Amino acid sequence: MKETKLWINGQWVDTKESYELTSPYDGKVIAKVAKATPQDVAYAIESAQEAFKKFKSSTAYERAEILYRVVNIMRGRRQEFAEILALEAGKPLSAGLTEIDRTIATYQFAAEAAKQVSGETIPMDAAPGVSDRIGWTRRVPLGVVSAITPFNFPFNLVAHKLGPAFAVGNAVVLKPATQTPLSSIVMAEIFKEAGLPDGMLQIVTGSGSELSDILVTHPLVKKVTFTGSGTVGLKIKEKVGLRKVTLELGSNAGLIIEPSAPIEKIVDRCVGGAFGFAGQVCISLQRIFVHQSIYEQFTKAFVEATEKLVVGDPMDENTDVSAMINPKEVTRITEWIEEAKAQGATVATGGTFTERTLTPTVMTNVKSDMKIVCQETFAPIVSIVPYETFDKAIDLLNKSDLGLNAGIFTNNLEDAMRAADELEAGAVIINDVPTFRIDNMPYGGIKKSGYGREGIKFAVQEMTEMKFITIKTKL
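What you are looking at is a predicted structure, and each value in this text was computed from that prediction instead of being measured. (Residues numbered from 1 in each chain as written. Predicted model: local features only at pLDDT ≥ 70, side-chain atom pairs only at ≥ 80, totals over all residues. Heavy atoms only, no water.)

### Topic: the overall build of the protein chain
- A tally of regular secondary structure across the protein chain gives 15 helices and 23 strands.
- With the C-alpha coordinates aligned to their principal axes, the bounding extent of the protein chain is approximately 75 × 65 × 40 Å.
- Per-residue burial for the protein chain yields a buried fraction of 55% across its 475 residues.
- Here the analysis covers contacts within the protein chain between residues at least 6 apart in sequence; of these, 73% occur between residues at least 24 apart.
- Total accessible area computed for the protein chain in this model is approximately 20000 Å², and 51% of it derives from carbon and sulfur atoms.
- Side chains of the protein chain carry 52 positive and 57 negative charges; the gap between the two charge centres is 8 Å. (Helix = DSSP H or I, 4+ residues; strand = E, 2+ residues; numbered from the N terminus. Buried < 20%, exposed > 50% of the residue type's maximum accessible area, 1.4 Å probe, protein only. Contact = heavy atoms within 4.5 Å. Areas by Shrake-Rupley, 256 points an atom, 1.4 Å probe, with all protein chains shown as cover. Lys, Arg positive; Asp, Glu negative; His and termini not counted. Charge placed at Lys NZ, Arg CZ, Asp CG, Glu CD.)

### Concerning the pattern of salt bridges
- Inspection of the entire model under this criterion finds 20 salt bridges.
- Of the charged contacts, one joins Arg78 and Asp101 as a salt bridge, the two residues approaching to 2.7 Å between their closest N and O atoms. Of this pair, Arg78 sits in helix H3 (residues 78–89) while Asp101 sits in helix H4 (residues 93–114), and the two are 23 residues apart along the sequence.
- As a salt-bridge pair, Arg269 and Asp432 come within 2.7 Å of each other at their nearest N and O atoms. Placement of Arg269 in helix H9 (residues 263–275) and of Asp432 in the loop between strand E20 (427–430) and strand E21 (446–447) is noted, with a sequence separation of 163 residues between them.
- Relative accessible area serves as the criterion here: at 39%, Arg269 is assigned to the partly exposed category.
- In this structure Asp432 comes out as buried when scored by relative accessible area, which is 15%.
- Via salt bridges that share partners, Asp391, Arg418 and Glu422 belong to a single interconnected network. (Salt bridge = Lys/Arg side-chain N within 4 Å of Asp/Glu carboxyl O.)

### Side note on helix H2 (residues 60–75)
- Under the 1.5 Å per step criterion, the end-to-end length of H2 is 23 Å for 16 residues, consistent within 8% with the ideal 22 Å.
- For H2, the set of buried residues is Arg63, Ala64, Ile66, Leu67, Val70, Val71, Ile73 and Met74.
- Buried-residue contacts for H2 involve helix H1 (38–55), H3, H4, helix H5 (156–168) and helix H6 (182–194). (Expected span 1.5 Å × (residues − 1).)

### Here we look at the sheet that holds strand E6 (residues 121–122)
- Across the sheet, three strands lie side by side as E6-E7-E23; this open sheet has antiparallel pairing. A single partner strand is all that each edge strand has here, and the edge strands are E6 and strand E23 (464–472).
- The pairing of E6 with strand E7 (residues 133–141) spans two bridges and is classified as antiparallel. Pairing of Thr121 across the sheet is with Trp136, part of E7. (Pairing = 2+ DSSP bridges.)

### Side note on the sheet that holds E20
- Across the sheet, seven strands lie side by side as E15-E16-E17-E14-E13-E19-E20; this open sheet has mixed pairing. Edge positions in the sheet fall to strand E15 (346–349) and E20, since each has one partner strand and no second. Averaged over neighbouring strand pairs, the angle between their axes works out to 25° when direction is ignored.
- For strand E14 (residues 287–291) and strand E17 (residues 381–387), the ladder comprises five bridges, and the chain directions are parallel. If you follow Ile288 over to E17, its bridge partner there is Ile384.
- This element, helix H11 (residues 327–342), spans E15, strand E16 (361–364) and E17 of the sheet and lies at about 25° to E16.
- Here helix H14 (residues 413–422) sits on the sheet and contacts strand E19 (405–409) and E20; the angle it forms with E20, its principal contact strand, is near 165°. (Axes fitted to C-alpha atoms, helices over the stretch in contact; angles between N-to-C directions.)

### Things to note about a nonpolar patch on the surface
- Taken together, Leu413, Met417 and Ile430 make up a surface patch of nonpolar side chains, about 290 Å² in accessible area.
- Take Leu413: it is sitting in helix H14.
- A relative accessible area of 64% places Leu413 in the exposed class. (Patch = residues over 30% accessible without salt bridge, like charges linked within 9 Å, V, L, I, M, F, W, Y side chains within 5 Å.)

### Details of the state of the cysteines
- Using the criterion set out here, one finds zero disulfides in the structure.
- Note on Cys270: no disulfide assigned, nearest cysteine sulfur contributed by Cys282 at a separation of 19 Å.
- No disulfide involves Cys374; its nearest neighbouring cysteine sulfur is the one of Cys282, lying 18 Å away.
- According to the relative accessible area criterion, Cys374 is partly exposed, its value standing at 26%. (Disulfide = S-S within 2.5 Å.)

### Description of helix H13 (residues 390–398)
- Of all the residues in H13, the buried ones are Phe390, Ala393, Ile394, Leu396, Leu397 and Asn398.
- Looking at the packing, one finds that the buried side of H13 touches strand E13 (254–257), E14, E17, E19, H14 and E21.

### Examining the environment of Glu62
- With respect to the helices and strands, Glu62 occurs in helix H2.
- Spatially, the C-alpha atom of Glu62 lies 48 Å from that of Ile372, the residues being 310 residues apart in sequence.

### Details of a negative patch on the surface
- Negative charge collects at one region of the surface, where Asp26, Asp313, Asp316 and Glu317 lie side by side.
- Judged by relative accessible area, which is 38%, Asp26 ranks as partly exposed.

### Details of the packing of aromatic side chains
- Across all of its chains, the model carries eight aromatic pairs by this definition.
- Here the aromatic rings of Phe298 and Phe302 are separated by 5.7 Å at their centres, their planes lie at 35°, and the arrangement is tilted. With Phe298 and Phe302 both in helix H10 (residues 295–306), this residue pair falls four residues apart, about one helical turn. For the pair Phe298 and Phe302, one class covers both residues: buried.
- An aromatic cluster is present here, built from Tyr107, Phe166 and Phe191 joined pairwise through their rings. (Phe/Tyr/Trp six-rings, centres within 6.5 Å; stacked < 30°, edge-to-face > 60°.)

### Overview of the side chain of Thr377
- Assignment of secondary structure puts Thr377 in the loop between helix H12 (371–374) and E17.
- For Thr377, a relative accessible area of 2% translates into the label buried.
- Contact partners of Thr377, with chain neighbours within four places excluded, come to Gln286, Arg332, Ile333, Trp336, Lys371 and Ile372.

### Overview of the environment of Gly208
- Considering the arrangement of structural elements, one finds Gly208 in helix H7 (residues 208–217).
- Judged by relative accessible area, Gly208 falls into the partly exposed class, the value being 27%.
- Distance from Gly208 to Pro176, taken between C-alpha atoms, is 8.7 Å for residues 32 residues apart in sequence.
- Here Gly208 is in contact with Lys175 and Thr178, once residues within four sequence places are set aside.

Take a look at the structure:
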């Protein structure tokens, strides 16, 4: 059984307490994980500040080279990292390999972004009486960034915090999800090997409820970047004060399917968008609005494709869907299903469960106020709803206090552009599922789905301050 420690100042540090990490799939203990105290976190933050003072004068070339070396190291350990994901997150190997490939691309984007950070000149003579001044802006690093990450993409979502932070010269104190610390811990080794100076990356593992206050309120922390639940995100927003903050808080992603969409070409994509990683993705397809003229045809095809999915061991290369992150989540979502059934909803397929798994579930005859529709399920469950007119489809999709990604399948350009204008979401995905994301696009939500944007170029802006400089050329 692996025993982990904290990563502070480039060294492994023991703690008095630890907790047992168990496999989501079979419940076996897989590691004994160090449990940090608020005092440990404070020390990590203070140490990160000292490292930042030295690293902030590094060149863009030096920072880019560190990130390129991370990319090369990860390419050589791709299979190993996918197995870590299967072990600690219950992510099927095929999905794990996809995440590792995306993570590699994310660090590569960050390396490239390190060389693209720039300011602009300001026409000082545009103001009356000013003819002897030159003005320009620069983007400068903030200092210490607190990064709090979730379980569902423990390599790639960590990369979206670390990559842009290091690209511009910030130090990071990382608190990974309690269930998925092993992927972050291995990144400490990789950044050390890649040449990142000691102290620039600190990793503290343990309870989020016990450590979040110090991570958010310590005076040396200049930015908080958090991906997780809306409840926790709102508490962070209340405490963060004048610090910069980025919050990615999930959604209940919706998709409109117009009559012009070729069902046979899109159904498998929809199934993948709904059930990938057991639906435990912020932009998992949760609500499908289908024009009534093709509703029965689409639903039949979707159910048939869903029933072909293989539920099983994440280490099995044939597995499509594996365990949810813990048994409590299975209990929660099965209660939501039963509640919806009592209110008239129908289970078209799935709905069976074990202690740790839920079969991919398709619901029909749902109502907009059911939990499985209006809240984020974060589970392998999707609802299919008929609509009569395009106006009604837009209204149905927008009837949510969440808004991360939304999608539409249509061959009608006018409807596509209307959707782009009228759908209330941080991103509108035309002719694909809302689960679509590449790692250089802006990513973030509106309403209760979040605050700020990720995506390397956009995160760089969030992780820097603008500084203005002017010179009077004649004394």
